[in-house]
Structures are given as structure tokens and as C-alpha cells.
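Per-entry structural report
Single-letter residue listing:
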Amino acid sequence: MKAGVMATRLSVLQRALPSRILVVDDDEQDRELITRRLRAAGFEVEHAANGQEALDALDRQWYPLVVTDWHMPVMDGLALTQTLRERGAEDTYIIMLTMRDASTDFEQGYVAGVDDYLTKRVSDPELFARIYAAFNTLALRRSLREAQEAVMEQSVSIDVESGAFSPSELQTRLLSEIRRGQRYGRQLAVLTLGVRVEGAPADDCAPDATTLKGVVQAIDASVRAHVDWIGRMEAPVGAVFAVVFPEANITEVPLIKERMMATLSRYASSVSIPLVFSYGVAGLERDGNDSAPVEAAEMLKVAEHCRGCPGHSGNEQLAAVQRSVATHAGIVCRHGYVVDSECVLKSPAAMRATQPFTAVR
């Protein structure tokens, strides 16, 4: 492979990996020879006379590729390789230069962590082919690692039982939505939805994973695709989800809730266990307190106070209103300092949607 072709093929890899190579050899003539060949092909090349100098160079800067001689004073190539691998340098590709053909040497090197071998008198086509393969392997390793990290990140951010965002991801995303809404003066509303099995004891009334996934899918079908989203909350009784509505005014939520409950009622009638739903709402205020920071946890607590309220005057409504005022998170029944005696969210007609649904068999 010609040097020009090699440089062209590497141009894509260079977007992710720097084309730096560290050449390690105690023989000055051999070291300069391979350094010139690589630089002529467009690589950024530095060199060291032994393994210890190479380690010092690697402490100063990362080199994706190390081309090292086997036998050197102070620290040979094998010891250099072992030291790098012990340090966890899996993102450095190591090519060993040798004049030896003994299989035991190759085996020893591979065990130590050598990736490939070249003889010192290697031709340009083979040299550049191996260099290209080294950078290509590193790029593939990096892509695989990023894919694995993405899978791990998703496994942390998704609640396995329900398929909704996990409680920690809910807090993070909701805080971002709140900050964005406050910064740009946008609306934001959150509906918390509780679901439990009717008649089950409090410590064992959460539906099973299959049912929870069905509930989340029903919620998802009743909200705006790619805009609204669902996260699961920590709950001492049953299961609780938070449905987040960016750009939605809190006054719009009662109608959204009616549509959602209609979808949930159809789903609940298809399963063999009676489900009971409850709901509460909170949202960003637009009463001159926009500059007051609202925390995600506080907004969810306000919605939960609302969920525990029967929807009319009483201690539960008073607690919800007090929490709403203290945290600058609005609720449906409060308009500034005026409070409705009957909450539109939980009017008698709407209350019928909270009755248990049992499949007709």
C-alpha cells in the first residue's frame, strides 16, 4: 500500500483518533529509519530509546500506536508492554519489532499484551497495511466501548419493570425541563399517576411488570409523541408515574387527563386484575415568581399532594395549596391566592374515572 493511499484511508479514522505514533528502539539508525518512513506517510511520530523513556512520553501524551523493539536496555519492549497493560492502557495498540522467529517469543509477547509483530526490515506495503489495521482496530474498539457504555447508560436510565424512565432519570430530565421553561418563559405541567391493585395489601398492591408496561404504553398512546414523556417515581404504595408535558399550561391538564383515563380504562378492562388509578398535577407558575427556582423533587411533591387530595375543601386541599405556594409550583385549584372549593381536575364526573376497572370475562 502506498503512503499516499494510506494517509487518505486514515483521514476518516483521524476524525476520532489522532495519527500519533511512538517509536521505541535503542538502535538510533533503525529508530530514525522507521520514523522517517512513517512521517513521510503523514503521521505525527515521536521516538524513545527504551521502555522507560516511552513510559515518560506516554505520561505526557497519549499515543494510539506504539511501535517498539523487543530487546533494549533499561526496559525492554516486553516489560514496556506489561507495564502499559497493568496500567489499564487498553486504548493503545502495540506492535513489536523483532528479528526473532521463535514461537515462544511470540507467545510470550501475546500473553503480555502485544497486538501485532513486524520485522525491522518490513517492506513499505506491509508496514502501512499493519499501521492501517492498527488504527482501524482501535477505532472499532472505541466504537464497541461506546456502544457498551450507551447500553449501560440506557439500562440505568430506564425502569426495567415498566419501560418508563427510571426515578433518577426522571429527576434529571424534569429539572432540565423546569430550567428551560423558566429561562425562556415556557409552560410546563406534570401529572403524577398512581396505579394499584384493588383490594391488595398496601405493601403488595403494585401491579406486576407486564401490567405496568401495559399502563405505560397506554399513557404513551394518549400523549404527544416525541414531546411528552413518562418517568417512574419511588412510591411506598403501588406504582406511581410522572407524565411530563413540556409547553403545556396547567389549565390544559384536566382535558389531557380525561383523554388519558379513557385510554387507561380500555386497557384496564382487558386485564384480569382490578386496577385503581389516582392522579395529581403541578406546573410552573406565571404570576411574577418566574425567577424563583423550582426544584424537580418539589414539583413532584406538589403533584403528589394534589394526588392525595379528594378535590374539595379540607385538610388535604389546604396542605396541597400550602405546598404549592411555598414552592412556586402551581396546582389546578389555585389561582394566585384564590382557591376553588371544588377542583375541576377531580369533579364528580372525573372522579368516576378513578373507580376500579375489572375485565368482563
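Details of the structure are given in the entry above.
These numbers come from a predicted model, not from an experiment. (Residues numbered from 1 in each chain as written. Predicted model: local features only at pLDDT ≥ 70, side-chain atom pairs only at ≥ 80, totals over all residues. Heavy atoms only, no water.)

1. Side note on helix 9 (residues 253-268)
Here helix 9 spans 21 Å end to end across 16 residues, near enough to the 22 Å set by a 1.5 Å rise per residue. Of all the positions in helix 9, only Val 253, Pro 254, Ile 256, Lys 257, Met 260, Met 261, Thr 263, Leu 264, Ser 265, Tyr 267 and Ala 268 are classed as buried. (Helix = DSSP H or I, 4+ residues; strand = E, 2+ residues; numbered from the N terminus. Expected span 1.5 Å × (residues − 1). Buried < 20%, exposed > 50% of the residue type's maximum accessible area, 1.4 Å probe, protein only.)

2. Some thoughts on helix 11 (residues 315-327)
With 13 residues, helix 11 extends 18 Å between its outermost C-alpha atoms, agreeing within 8% with the 18 Å of an ideal straight helix rising 1.5 Å per residue. Positive phi appears at His 328, one or two residues downstream of helix 11, with a value of about 60 degrees.

3. What about the pattern of salt bridges?
Counted under the stated rule, the structure contains 20 salt bridges. The residue Asp 30 makes a salt bridge to Lys 120 at a minimum N-O spacing of 3.3 Å. Remark: Lys 120 occurs in the loop between strand 5 (116-119) and helix 6 (124-157) and Asp 30 occurs in helix 2 (residues 28-40); sequence separation between them is 90 residues. In this structure Asp 30 comes out as buried when scored by relative accessible area, which is 15%. Ionic pairing is found between Lys 301 and Glu 298, a salt bridge with its closest N-O pair at 3.9 Å. (Salt bridge = Lys/Arg side-chain N within 4 Å of Asp/Glu carboxyl O.)

4. What about the nonpolar core?
Membership of the largest hydrophobic core comes to 59 residues, with the highest contact counts inside it found for Leu 174, Leu 193, Val 215, Phe 241, Phe 245, Leu 264 and Phe 277. Non-local contacts of Leu 193, meaning those with residues more than four positions away in its chain, are made with Val 215, Ile 219, Ala 239, Val 240, Phe 241, Met 261, Leu 264, Phe 277, Ser 278 and Tyr 279. Judged by nonpolar contacts, the second largest core, of 22 residues, contains Ile 21, Val 23, Ile 34 and Phe 43. (Core = buried A, V, L, I, M, F, W, Y, C linked by side-chain atoms within 4.5 Å. Contact = heavy atoms within 4.5 Å.)

5. Topic: the packing of helix 3 (residues 51-60) against helix 4 (residues 77-86)
At a minimum axis separation of 9 Å, helix 3 and helix 4 run at an interaxial angle of 30 degrees. It follows that helix 3 is roughly parallel to helix 4 by the angle criterion. As for how helix 3 packs across helix 4, the hand of that crossing is right-handed. From helix 3, Gly 51, Ala 54, Leu 55 and Leu 58 reach across to helix 4, where they touch Leu 80, Thr 83 and Leu 84. Of the residues belonging to the contact of helix 3 with helix 4, the class tally is five nonpolar, two polar and no charged. (Axes fitted to C-alpha atoms, helices over the stretch in contact; angles between N-to-C directions. Parallel < 35°, antiparallel > 145°, perpendicular 65-115°, else oblique. Left-handed = near helix turned anticlockwise from the far one by under 90°. Nonpolar A, V, L, I, M, F, W, Y, C, P; charged D, E, K, R; others polar.)

6. Focus: the packing of aromatic side chains
Enumeration over the complete set of coordinates arrives at five aromatic pairs. Consider the rings of Phe 106 and Tyr 117, whose centres lie 4.4 Å apart with planes at 75 degrees: the pair is edge-to-face. One end of the pair, Phe 106, is in helix 5 (residues 103-112); the other, Tyr 117, is in strand 5, with 11 residues separating them in the sequence. Taken together, the ring pairs in this structure connect Trp 70, Phe 106, Tyr 110 and Tyr 117 into an aromatic cluster. (Phe/Tyr/Trp six-rings, centres within 6.5 Å; stacked < 30°, edge-to-face > 60°.)

7. Let's talk about the sheet that holds strand 9 (residues 275-284)
Spatially, 7-8-6-9-10 is the arrangement adopted by the five strands of the open sheet, whose pairing is antiparallel. With partners counted over all chains shown, the strands left at the sheet margins are strand 7 (229-233) and strand 10 (329-330), one partner each. Across eight bridges, strand 6 (residues 188-197) lies against strand 8 (residues 239-246) in antiparallel orientation. Within strand 8, the residue paired with Val 190 across the bridge is Val 244. The strands touched by helix 8 (residues 209-221) are strand 6, strand 7, strand 8 and strand 9; relative to strand 8, the strand with the most contacts, the crossing angle is about 20 degrees. (Pairing = 2+ DSSP bridges.)

8. What about empty space enclosed by the protein?
In this structure the tally under the stated criterion is four cavities of 30 Å³ or more. If you add up the space inside the largest cavity, you get close to 90 Å³. Around the largest cavity, the lining residues are Asp 25, Asp 30, Leu 33, Ile 34, Arg 37, Leu 97, Thr 119, Lys 120, Arg 121 and Val 122. Residue contributions to the lining of the largest cavity peak at four residues, all from helix 2. Taken together, the residues that form the lining of the largest cavity break down as four nonpolar, one polar and five charged. What the second largest cavity holds in volume is close to 70 Å³. (1 Å grid on protein atoms, 1.4 Å probe; cavity = no way out; pocket = protein on both sides within 12 Å on 5 of 7 lines; lining within 4 Å. Points joined across faces, edges and corners; volume = space filled by probe spheres on them.)

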